[in-house]
Amino acid sequence: IEFDQSQLRANGLLAPGADERRLAEQYRAIKRPLLGNADPSLRSVLPLGNLIMVASAMSGEGKTFTCVNLCLSIARERDWSVVLVDADCSKPQLTRLFSAENEAGFMDLLREPALSFDDLVMPTDIPGLSLLPAGVQDADTSELFASRRMSELCLELSSADVGRVFVFDSSPLLLTTEAIELASQVGQVVLVVRADSTPQHSVLDALEKLDPEKATNCVLNQASGVDLSESYGYYGDYGDVPPAPES
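Please read these numbers as outputs of a predicted model, since none were measured by experiment.

The subject of this paragraph is a negative patch on the surface. A cluster of acidic residues, D118, D119, E152 and E156, forms a negative patch at the surface. Going through the elements one at a time, helix 6 (117-120) and helix 8 (148-160) are the ones with two or more residues in the negative patch.

Moving on: the packing of aromatic side chains. Scanning all chains against the criterion turns up four aromatic pairs. With a centroid separation of 5.5 Å and an interplanar angle of 70°, the aromatic rings of F117 and F166 are classed as edge-to-face. Of this pair, F117 sits in helix 6 while F166 sits in strand 5 (residues 164-169); the two residues are 49 residues apart in sequence, bridging distant segments of the chain. By relative accessible area, which is 6% here, F117 ends up buried. For F166, a relative accessible area of 0% gives the class buried. A connected cluster of aromatic rings, assembled from ring pairs, spans F106, F145 and F168.

Before going further, it helps to spend a moment on the pattern of salt bridges. Where charged atoms from two side chains of opposite charge come close, those side chains can pair. Under the defined criterion, the tally for this structure stands at eight salt bridges. Note that E20 is salt-bridged to R9, the shortest N-O span being 2.0 Å. On the criterion of sequence distance, the pair formed by E20 in helix 2 (residues 20-38) and R9 in helix 1 (residues 5-10) is long-range, its members being eleven residues apart. The exposure class assigned to R9 is partly exposed, which follows from its relative accessible area of 28%. With a closest N to O distance of 3.1 Å, D169 and K63 form a salt bridge. Here D169, found in strand 5, pairs with K63, found in helix 3 (residues 63-75); they are 106 residues apart in sequence, far enough to count as distant. A single burial state applies to D169 and to K63, both of which are buried.

Helix 3 packs onto helix 2 with a crossing angle of 80° between their chain directions and a minimal axis gap of 9 Å. Viewed along their axes, helix 2 and helix 3 adopt a mutual orientation that is roughly perpendicular. For the pair formed by helix 2 and helix 3, the contact residues are L23, Y27, R28, I30, K31, L34 and L35 on the first element and F65, T66, N69, L70, S73 and I74 on the second. For the contact of helix 2 with helix 3, the residue count by class is eight nonpolar, three polar and two charged.

Strand order in this open sheet of seven strands is 3-4-2-5-1-6-7, and the pairing throughout is mixed. Each having just a single partner strand, strand 3 (122-123) and strand 7 (215-221) make up the two edges of the open sheet. When strand 1 (residues 51-56) meets strand 6 (residues 188-194), the two strands line up parallel, connected through five bridges. Residue pairing for strand 6: I52 is matched across the bridge by Q188. Sheet contacts for helix 2: strand 1, strand 5, strand 6 and strand 7; angle to strand 6, the most-contacted strand, approximately 165°. Sitting on the sheet, helix 9 (residues 177-185) is in contact with strand 1, strand 5 and strand 6, with an inclination near 150° to strand 1.

Thresholds applied
- Residues numbered from 1 in each chain as written.
- Predicted model: local features only at pLDDT ≥ 70, side-chain atom pairs only at ≥ 80, totals over all residues.
- Heavy atoms only, no water.
- Patch = residues over 30% accessible without salt bridge, like charges linked within 9 Å, V, L, I, M, F, W, Y side chains within 5 Å.
- Areas by Shrake-Rupley, 256 points an atom, 1.4 Å probe, with all protein chains shown as cover.
- Salt bridge = Lys/Arg side-chain N within 4 Å of Asp/Glu carboxyl O.
- Lys, Arg positive; Asp, Glu negative; His and termini not counted.
- Charge placed at Lys NZ, Arg CZ, Asp CG, Glu CD.
- Helix = DSSP H or I, 4+ residues; strand = E, 2+ residues; numbered from the N terminus.
- Phe/Tyr/Trp six-rings, centres within 6.5 Å; stacked < 30°, edge-to-face > 60°.
- Buried < 20%, exposed > 50% of the residue type's maximum accessible area, 1.4 Å probe, protein only.
- Axes fitted to C-alpha atoms, helices over the stretch in contact; angles between N-to-C directions.
- Parallel < 35°, antiparallel > 145°, perpendicular 65-115°, else oblique.
- Contact = heavy atoms within 4.5 Å.
- Nonpolar A, V, L, I, M, F, W, Y, C, P; charged D, E, K, R; others polar.
- Pairing = 2+ DSSP bridges.

Note that every value here comes from positions in space, so none of it alone points to a role or purpose.
This is the structure we're talking about:
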């Protein structure tokens, strides 16, 4: 799969070229504690810590932007590889963006135990970065995410290669039950919050749906006037995904 940067920018998933260095530095700050929680060489490693779900309370927060840029940043690491998983199965924006609508993917892997991850994962032209598309939609997505098969698959993926991270682009927590089920299966959650837009009560409601013991970090999207030396998880005025395809 080709990561066409011009296409990604046209879809609001990459920053303007002049701001690439600043954005790259911000994502270094975002990824470091996530990788620390997944590092098997550390005693504090989290169970399933290399399975990271990126979520939001509502649509239009910039979570898909966050997924893409987080994966690109992790792919630059010397000791890690990363798989971008389209787990927003009702609105699989990433799958459509990379023209993988007709490819088997995540949902097929859950439905059919005979399939293997290695058969379905799609390498990209970015070293260290692969894509697992959403696959064929299913009316019982929430039930599949809550199934024993899902738990077994997550354990299998997490343990097969301790140097590989899986980043799941999920549906919004307050709009679907499948996002809540997915959050219960992964080791870490990143909650994207759009500055000056997402109501505080929506953020709190979303957090209440997560296990309080779950490692959860927040990323503030489209914040302006923030001193990066005093902030964690900030990135600037990017991440506007066009309303129609936003998930």
